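Given next are the chains, with one letter for each unit.
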Amino acid sequence: MSKLIVFGDIHLNDSRPWSNEVSEKLIEFISGMEYNNSDNIALFLGDLTEKNTLSGTVFSHLQKLFYSLRFKKTYILMGNHDIKYNDIGTSYPFSFVTLPEFIEKATSKIEVILEHKMEKLGNKNFLFLPYRLPVDGIGNKLYSSPIPDYSEKQFDSVFGHFTEESLNSFFGEPINISWINTKDRCFGHIHNSDGKVY
């Protein structure tokens, strides 16, 4: 039976010498873990990258990570740090996963989730809620109100990348998703504080 292996915000970056080393070691850990095999499915909860620009080193880290994945399938939720800003607007660092030359060499089929979607994996129903840019004036607030396709459904788990109200996080505007009928919730984008210094 397949296992769903979930990774939180890994924030690959090279802005400091130690962060580049940590990124390299994290890739080694993920690629070498026993669960990284074709029996299992992976889900990254967003924020695979750290900065709002993408250096060549971080792009290389992403390629190395993705080429090392041996999962049956890999899902990537878009996170707020994964949106890159440049002279022509916004871009996403994962667009190369749709290129034929990448698909030909990659072992794991990778799907980047930019919009909410429901997915049935085996006998489990999952709901994926990626980070939404507030360019439409709504952003993640979209998730606060019942979405017609999902409001009557029962989910085994909901996965997202935003501040979910029940998690008592202090970062960002909390989103109440109590309308979703689910057994479990698992979110990236969690920022907690000890109350003194963040």
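To be clear, the structure that these remarks concern was listed above.
Residues numbered from 1 in each chain as written. Predicted model: local features only at pLDDT ≥ 70, side-chain atom pairs only at ≥ 80, totals over all residues. Heavy atoms only, no water.

Caption draft 1: Layout of the overall build of the protein. Check the secondary structure of the protein and you find three helices and ten strands. For the protein, the α and β elements follow one another from N to C terminus as β-α-β-α-β-β-β-α-β-β-β-β-β. Its C-alpha atoms give the protein a radius of gyration of 17 Å, near enough to 16 Å, the size a compact globule of 198 residues would have. By principal-axis analysis of the C-alpha atoms, the protein measures approximately 45 × 40 × 35 Å. Buried positions account for 45% of the 198 residues belonging to the protein. (Helix = DSSP H or I, 4+ residues; strand = E, 2+ residues; numbered from the N terminus. Rg over C-alpha atoms; globule rule 2.2 N^0.38 Å. Buried < 20%, exposed > 50% of the residue type's maximum accessible area, 1.4 Å probe, protein only.)

Caption draft 2: Spotlight on the packing of helix H1 (residues 17-32) against helix H2 (residues 56-68). Contact geometry of H1 with H2 gives a least axis separation of 9 Å together with a crossing angle of 10°. Between H1 and H2, the angle is such that the two are roughly parallel. Of the residues in H2, those touching H1 at Asn20, Ser23, Glu24, Ile27, Ile30 and Ser31 are Thr57, His61, Lys64, Leu65 and Ser68. (Axes fitted to C-alpha atoms, helices over the stretch in contact; angles between N-to-C directions. Parallel < 35°, antiparallel > 145°, perpendicular 65-115°, else oblique. Contact = heavy atoms within 4.5 Å.)

Caption draft 3: Layout of the sheet that holds strand S3 (residues 73-77). What the four strands build is an open sheet, ordered S1-S2-S3-S6; its pairing is parallel. Two strands close off the open sheet at either side, each with one partner strand: strand S1 (4-7) and strand S6 (109-113). Strand-to-strand twist of the sheet, defined as the mean angle between neighbouring strand axes without regard to direction, takes the value 15°. Bridge count between strand S2 (residues 41-44) and S3: four bridges; the pairing is parallel. Each bridged residue has a counterpart across the sheet, and for alanine 42 the counterpart in S3 is threonine 74. (Pairing = 2+ DSSP bridges.)

Caption draft 4: Highlighting the sheet that holds strand S9 (residues 154-161). With mixed pairing, four strands are arranged side by side in an open sheet as S7-S8-S9-S10. Taken across any chain shown, the strands that pair with only one partner, and hence form the sheet edges, are strand S7 (117-121) and strand S10 (181-188). The average angle at which neighbouring strand axes cross in this sheet is 25°, direction not considered. Here S7 pairs with strand S8 (residues 124-129) via five bridges, running antiparallel. Of the residues in S8, the one forming a bridge with glutamate 119 is phenylalanine 126.

Caption draft 5: Region of interest: the nonpolar core. Within the largest apolar cluster, 27 residues are counted, with the highest numbers of intra-cluster contacts made by Phe7, Phe44, Leu48, Leu65 and Phe66. Of all the secondary-structure elements, those providing two or more residues to this core are S1, H1, S2 and H2. Take this core: its biggest share by element is four residues, from H2. Those residues within four positions of leucine 65 in sequence are excluded, and the remaining contacts are Ile10, Leu12, Ile27, Ile30, Phe44 and Leu48. By size, the runner-up hydrophobic cluster in this structure holds 13 residues, among which are Ile147, Phe155, Ile175 and Trp179. (Core = buried A, V, L, I, M, F, W, Y, C linked by side-chain atoms within 4.5 Å.)

Caption draft 6: Quick look at the packing of aromatic side chains. On inspection of all chains with the given rule, the structure shows 13 aromatic pairs. Plain terms: the ring middles of tyrosine 150 and phenylalanine 155 are 6.2 Å apart, the flat faces sit at 70° to each other, and that makes the pair edge-to-face. In this structure tyrosine 150 comes out as buried when scored by relative accessible area, which is 6%. Taken together, Phe59, Phe66, Tyr67, Phe94, Phe96 and Phe102 form an aromatic cluster joined through their ring pairs. (Phe/Tyr/Trp six-rings, centres within 6.5 Å; stacked < 30°, edge-to-face > 60°.)

Caption draft 7: Quick look at the pattern of salt bridges. Counted by the stated rule, this structure contains six salt bridges. Put simply, lysine 117 and glutamate 111 hold a salt bridge, and the shortest N to O gap is 2.6 Å. Several salt bridges converge on common partners, so that one network encompasses Lys73, Glu111, Lys117 and Glu119. (Salt bridge = Lys/Arg side-chain N within 4 Å of Asp/Glu carboxyl O.)

Caption draft 8: Inspection of the environment of histidine 81 at higher detail. Inspection of the secondary structure assignment puts histidine 81 in the loop between S3 and strand S4 (84-86). Residue classification places histidine 81 among the partly exposed residues on the basis of a relative accessible area of 21%. Distance in space between the C-alpha atoms of histidine 81 and glycine 32 is 25 Å, their sequence separation being 49 residues. Non-local contacts of histidine 81, meaning those with residues more than four positions away in its chain, are made with His11, Asp47, Thr49, Glu50 and Lys51. A distance of 2.5 Å separates the side chain of histidine 81 from the backbone oxygen of glutamate 50, its partner in a polar contact. (Polar contact = N/O pair within 3.5 Å; in protein donor to acceptor, adjacent residues only side chain to side chain.)

On their own, these measurements won't tell you what the molecule is for.
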